Amino acid sequence: MKNSDINNIYKLDGKVPVSKAIPFGLQHILAMFVANIAPIIIVSSACGLDTTETARLIQTAMIVAGIGSVIQLYPIWKVGSGLPIVMGISFTFVSVFCFVGPTYGYGAIVGAVIIGGIIEGILGLFAKYWVKLISPIVAASVVTAIGFSLLSVGATSFGGGSGAEDFGSAKNLILGTITLVCCIGFNIFAKSYWKQLSVLFGLIVGYIVAVCMGMVEFFGMSTAQIVSLPQILPIKPTFNIGAIISVLVIFLVSATETIGDTSALASSGLNREVSKKELTGSIAADGFVSALSGLFGCLPITSFSQRGTCFNDKVVNRFTIFTGCVIMVLAGLFPMFGTLLATLPEAVLGGCTLMMFGNIVISGLQMIAKCGFSQRNIIIAALSLSIGLGFTQVPEIFSIFPQIIQNVFAENCVAVVFLVSIILNLVLPKNMEAHKQ
């Protein structure tokens, strides 16, 4: 690679030859590959969807995520940030979907995603009027809560998946452990940016081991089409008010994450502050692309906070990331690929995601530390986390409230943390130390 090519991959709009751009673009896609499909498999399992339906969702997610990423790279009107943001299925929604799906049906998830996405998209267009409400300590508290809320999800997958007849069996625990050890080992011994592929390595090894253990069923592989386009409204949406409010709260949480992701990317990747136009476009893209995803029966597509590659290798060239997006769309057009991924045992998924979820907790704690331990920040973080995590462990405490409030908050610690932290951020004095004196 010429020196000019090397320099251009570190520039947002530098000209990079296709042959040089593809490997770096592919790297970014592979780094978030497992984290992109994992939420679908987890939610599908919780909702009782079969392998064929799960495969279709994986196929759709890759196509819509690729399209959404292109919109982020090259905005349409005011939708899109113009920054090298890769989009994918967010873990932020997993906990609430694992409640909404079994309670109201997968159709209620689809309806809530469409409505919630449209609302977030509209709010994104007017972000400059409300973005100051989401202070760094609010975002940090929410991210920490998301990490904690996902720990039980990872543990459930590690044991074999919710409702599995062999849940907690020796073979599931062994398979999950092998996968986890491979992820850790690869991360320790791999060099440079290859470390970003540790989860993918663990998935491949775990899958091979699962095949050898007879834990993979290839039913439906022979009947899968070679090429297929996603279907519009393959699952009829239902619009349940409880489900919509529950999911809408998480869309607001997701917008908070997007603010953090976009700001961090501009700071770490481009060495500058993010602009209001970029924040507005990024949030709007999250919302409207998620609504589009819902029309195809899939889960929300948001800016991918798990993709830390550009922070590590500083590759921020838009065209380079674009080549990875094209690869993602092309992969989604082949149903055989999605069908193969749908046969992935939950224990392998649990081994891959367990440390990933723990890392989200640590990221949240690091964000809190970065905000500083002023009296005000300590009260916001401590009280929102203690109420959010504590009260939702005993959902009976919400029994005096109307059923719709119970449905939204009783078992949704992220929603409670978000609400409490926002309220505290509004009512507490800005400089509590001065008041103390």
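Here is what the cut-offs are and how they apply
Residues numbered from 1 in each chain as written. Predicted model: local features only at pLDDT ≥ 70, side-chain atom pairs only at ≥ 80, totals over all residues. Heavy atoms only, no water. Axes fitted to C-alpha atoms, helices over the stretch in contact; angles between N-to-C directions. Helix = DSSP H or I, 4+ residues; strand = E, 2+ residues; numbered from the N terminus. Parallel < 35°, antiparallel > 145°, perpendicular 65-115°, else oblique. Left-handed = near helix turned anticlockwise from the far one by under 90°. Contact = heavy atoms within 4.5 Å. Nonpolar A, V, L, I, M, F, W, Y, C, P; charged D, E, K, R; others polar. Salt bridge = Lys/Arg side-chain N within 4 Å of Asp/Glu carboxyl O. Buried < 20%, exposed > 50% of the residue type's maximum accessible area, 1.4 Å probe, protein only. pLDDT = per-residue confidence, 0-100. Core = buried A, V, L, I, M, F, W, Y, C linked by side-chain atoms within 4.5 Å. Patch = residues over 30% accessible without salt bridge, like charges linked within 9 Å, V, L, I, M, F, W, Y side chains within 5 Å. Areas by Shrake-Rupley, 256 points an atom, 1.4 Å probe, with all protein chains shown as cover. Lys, Arg positive; Asp, Glu negative; His and termini not counted. Charge placed at Lys NZ, Arg CZ, Asp CG, Glu CD.

> Would you mind showing me how to read the packing of helix α9 (residues 198–212) against helix α15 (residues 346–371) here?
For any two helices packed against each other, one specifies the crossing angle of their axes together with the interaxial distance. Running from N to C, α9 and α15 point in directions that differ by 155 degrees, and their axes come no closer than 8 Å. Between α9 and α15, the angle falls in the class roughly antiparallel. Read as a crossing pair, α9 and α15 show a hand that is right-handed. Across from V199, G202, L203, G206, Y207 and A210 in α9, the residues of α15 making contact are V348, C352 and M356. Of the residues contributing to the contact of α9 with α15, the split by class is seven nonpolar, two polar and no charged.

> Before we go on, may I ask you to explain the pattern of salt bridges in this structure?
Once the charged atoms of two side chains with opposite charge are near each other, the side chains can pair. Taken as a whole and assessed by the stated rule, the structure comprises one salt bridge. Between D166 and K171 there is a salt bridge; the shortest N-O distance is 3.9 Å. Judged by its relative accessible area of 28%, D166 is partly exposed. On the basis of relative accessibility, which here comes to 38%, the residue K171 falls in the partly exposed class.

> For this particular structure, what's the right way to read the environment of S90?
Residue position: S90 is located in the loop between β1 (87–89) and α5 (94–104). The exposure class assigned to S90 is buried, which follows from its relative accessible area of 9%. As a C-alpha pair, S90 and N407 span 317 residues in sequence and 21 Å in three-dimensional space. S90 has contacts with P39, E257, P300 and T302, leaving out every residue within four places of it along the chain.

> What am I meant to see in the confidence of the model for the chain here?
As a note on interpretation, predicted positions should not be read in detail where pLDDT is low. When pLDDT is averaged across the chain, the result is 84; 90% of the residues are at 70 or more. Mean pLDDT in the chain bottoms out at helix α12 (residues 309–313), which sits at 46, and peaks at helix α6 (residues 106–125), which reaches 95. This model gives residues 306–312 a pLDDT under 50, and the stretch forms 22 contacts once residues within four places in sequence are excluded.

> What exactly am I supposed to notice about the nonpolar core here?
Nonpolar side chains tend toward joint burial in soluble globular proteins. Counting residues in each nonpolar core, the largest one holds 113 residues, and the members touching the most others are F91, F97, Y106 and I109. With twelve residues, the single largest contributor to this core is helix α10 (residues 241–270). Not counting the four nearest positions on each side in its chain, F97 is found in contact with V43, C47, P102, I109, V113, V247, L299 and P300.

> Is there a simple way to explain the environment of A243 in this structure?
Turning to its location among the elements, A243 is positioned in helix α10. As a C-alpha pair, A243 and V110 span 133 residues in sequence and 9.9 Å in three-dimensional space. Among all residues touching A243, those that are not within four sequence positions of it are V100, Y104, A108 and A112.

> Hey, could you run me through unusual backbone geometry in this one?
Negative phi is the rule for most residues except glycine; trans is the rule for most peptide bonds. Phi is positive for W77, which is not a glycine, with a value near 55 degrees. Along the chain, the position of W77 falls in the loop between α4 (51–73) and β1. Residue class for W77 comes out exposed when judged on its relative accessible area of 65%. The phi dihedral of L233 falls on the positive side, at around 50 degrees, and the residue is not glycine. Position of L233 relative to the elements: it lies in the loop between α9 and α10.

> What's the story with a positive patch on the surface in this structure? I'm lost.
A cluster of basic side chains, namely K78, K128, K132 and K276, defines a positive patch on the protein surface. Relative to the elements of secondary structure, K128 occurs in the loop between α6 and α7 (136–158).

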